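Given next are the chains, with one letter for each unit.
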Amino acid sequence: MSNILIHISGSISAYKACSLASALKKQGHEVQCTATKGALHFIGPASIEGITGRPLLTDVFAGGETGYIPHISLSQQWADLILVYPASANVINRLAAGLSDDLFGAIFLANNFNKPLRIAPAMNSQMLLHPATQESLKKLEGWGCSILPSDEGLMACGTKGPGRLLEPLDVAARIEEFL
Ligand SMILES: Cc1cc2nc3c(=O)[nH]c(=O)nc-3n(C[C@H](O)[C@H](O)[C@H](O)COP(=O)(O)O)c2cc1C
């Protein structure tokens, strides 16, 4: 049984994070989710919280006066594996720029690279193939992140091509095999 942190970003496919969290829970893992503010346009905290039994964290200051510092605690202590699912173009490019002005940016920078980090891109084909995104993915891979392949197929935006989010059960199977 492992502690798995899933970061959910602002993609139309964010709802698939619910299925992934559910599959990982059924495999016996503990799951903690964080989300961008953009992700909350696509899914609500109640779904994630009901599945994981933990609060959906979106704020780097979530610890308030308790002394709990989520970005340090989650990245350096709690998590055994970190997964960005789905990873939007914005999150990928922001992580590659080393920005830490939101919770997951700070988690990413506070990770000492001992915790495996998987990134599952989900976006329109042009956004994925854009040199900015491609360079960011290469940079992240060079830093030790593992970039999961995207599927090819018809996407919600009507585009057919690369950028479709890998299905949740596929990702859950890969994680089970890895762990
Ligand atoms: C209906 C809709 C669907 C979107 N789907 C995606 C997507 O799949 N991937 C992506 O990178 N951006 C997508 N976007 C754009 C992002 O939500 C936007 O760039 C946002 O700033 C992402 O930031 P965040 O991931 O930090 O929340 C979509 C926007 C809309 C309105």
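Residues numbered from 1 in each chain as written. Predicted model: local features only at pLDDT ≥ 70, side-chain atom pairs only at ≥ 80, totals over all residues. Heavy atoms only, no water.

(A) Quick look at the site of the ligand. In the vicinity of the ligand lie 15 residues, with Gly 10, Ser 11, Thr 36, Ser 88 and Ala 122 positioned nearest. Ser 11 places a polar side-chain atom, nitrogen or oxygen, 2.8 Å from an oxygen atom of the ligand. A distance of 2.9 Å separates an oxygen atom of the ligand from a polar atom in the side chain of Asn 90. For the ligand, whose free accessible area comes to 640 Å², the fraction covered by protein is 61%. Looking at the shell around the ligand element by element, the count peaks at three residues for helix 4 (residues 89-96). Its residues placed into classes, the shell around the ligand shows eight nonpolar, seven polar and no charged. (Near = heavy atom within 4 Å. Polar contact = N/O pair within 3.5 Å; in protein donor to acceptor, adjacent residues only side chain to side chain. Areas by Shrake-Rupley, 256 points an atom, 1.4 Å probe, with all protein chains shown as cover. Helix = DSSP H or I, 4+ residues; strand = E, 2+ residues; numbered from the N terminus. Nonpolar A, V, L, I, M, F, W, Y, C, P; charged D, E, K, R; others polar.)

(B) Fine view of the packing of aromatic side chains. Applying the stated criterion across every chain, the model contains one aromatic pair. Taking 6.3 Å as the distance between ring centres and 35° as the angle between the ring planes, the aromatic pair formed by Phe 108 and Trp 143 counts as tilted. A residue pair is termed long-range when its members are at least 10 positions apart, and Phe 108 in helix 5 (residues 103-110) and Trp 143 in the loop between helix 7 (131-142) and strand 5 (146-147) qualify at 35 residues. Exposure remark for Phe 108: the relative accessible area of 6% places this residue in the buried category. Across the ring face of Phe 178, the terminal group of Arg 118 is positioned such that the distance to the ring centre comes to 4.2 Å. (Phe/Tyr/Trp six-rings, centres within 6.5 Å; stacked < 30°, edge-to-face > 60°. Buried < 20%, exposed > 50% of the residue type's maximum accessible area, 1.4 Å probe, protein only. Lys NZ or Arg CZ within 6 Å of the ring centre and 35° of its normal.)

(C) Just the nonpolar core, in detail. Judged by nonpolar contacts, the single largest core of 28 residues is most densely connected at Ile 6, Ile 8, Leu 20, Leu 24, Leu 83, Tyr 85 and Val 171. Of all elements in the fold, only strand 1 (3-8), helix 1 (16-26), strand 2 (30-35), strand 3 (81-87) and helix 8 (168-178) reach the threshold of two or more residues within this core. Here this core takes six residues from helix 1, the largest share from any one element. Excluding anything up to four places from it in sequence, Ile 8 contacts Ala 14, Ala 17, Cys 33, Thr 34, Ala 35, Thr 36, Ala 39, Ile 43, Ile 48, Tyr 85 and Pro 86. The next biggest cluster of nonpolar side chains, apart from the first, holds 24 residues, and it includes Trp 78, Leu 95, Leu 140 and Cys 145. (Core = buried A, V, L, I, M, F, W, Y, C linked by side-chain atoms within 4.5 Å. Contact = heavy atoms within 4.5 Å.)

(D) Here's a closer look at the pairing of strand 1. A large share of strand 1 lies buried, amounting to six of its six residues. Bridge count for strand 1 against strand 2 is six bridges, and the pairing is parallel. Of the residues in strand 2, the one forming a bridge with Asn 3 is Glu 30. You can see the chain leave strand 1, run along helix 1 and come back into strand 2, and the turn it takes is right-handed. Here strand 1 pairs with strand 3 via four bridges, running parallel. Looking at strand 3, one finds that Leu 5 is bridged to Ile 82. (Pairing = 2+ DSSP bridges. Right-handed = clockwise from strand over helix to strand, strands pointing away.)

(E) Inspection of helix 3 (residues 70-78) at higher detail. Inspection of helix 3 places Pro 70, His 71, Ser 73, Leu 74, Ser 75 and Trp 78 among the buried residues, and these make up the whole buried set. Where helix 3 is buried, its residues meet strand 1, strand 2 and helix 5.

(F) Spatial organisation of the pattern of salt bridges. The full count for this structure, using the stated rule, is six salt bridges. In this structure, Glu 30 and Arg 54 form a salt bridge, with 3.2 Å as the shortest nitrogen-oxygen distance. Highlighted residues: Glu 30 in strand 2 and Arg 54 in the loop between helix 2 (45-52) and helix 3, separated in sequence by 24 residues. Classification of Glu 30 by relative accessible area gives partly exposed; the value is 21%. (Salt bridge = Lys/Arg side-chain N within 4 Å of Asp/Glu carboxyl O.)

(G) Local environment of the side chain of Ser 11. Tracing the sequence through the fold places Ser 11 in the loop between strand 1 and helix 1. For Ser 11, a relative accessible area of 7% gives the class buried. Within polar-contact distance, the side chain of Ser 11 engages the side chain of Ser 13 at 2.7 Å. Beyond its immediate stretch of four places on either side in the chain, Ser 11 contacts Phe 42, Pro 86 and Ala 122.

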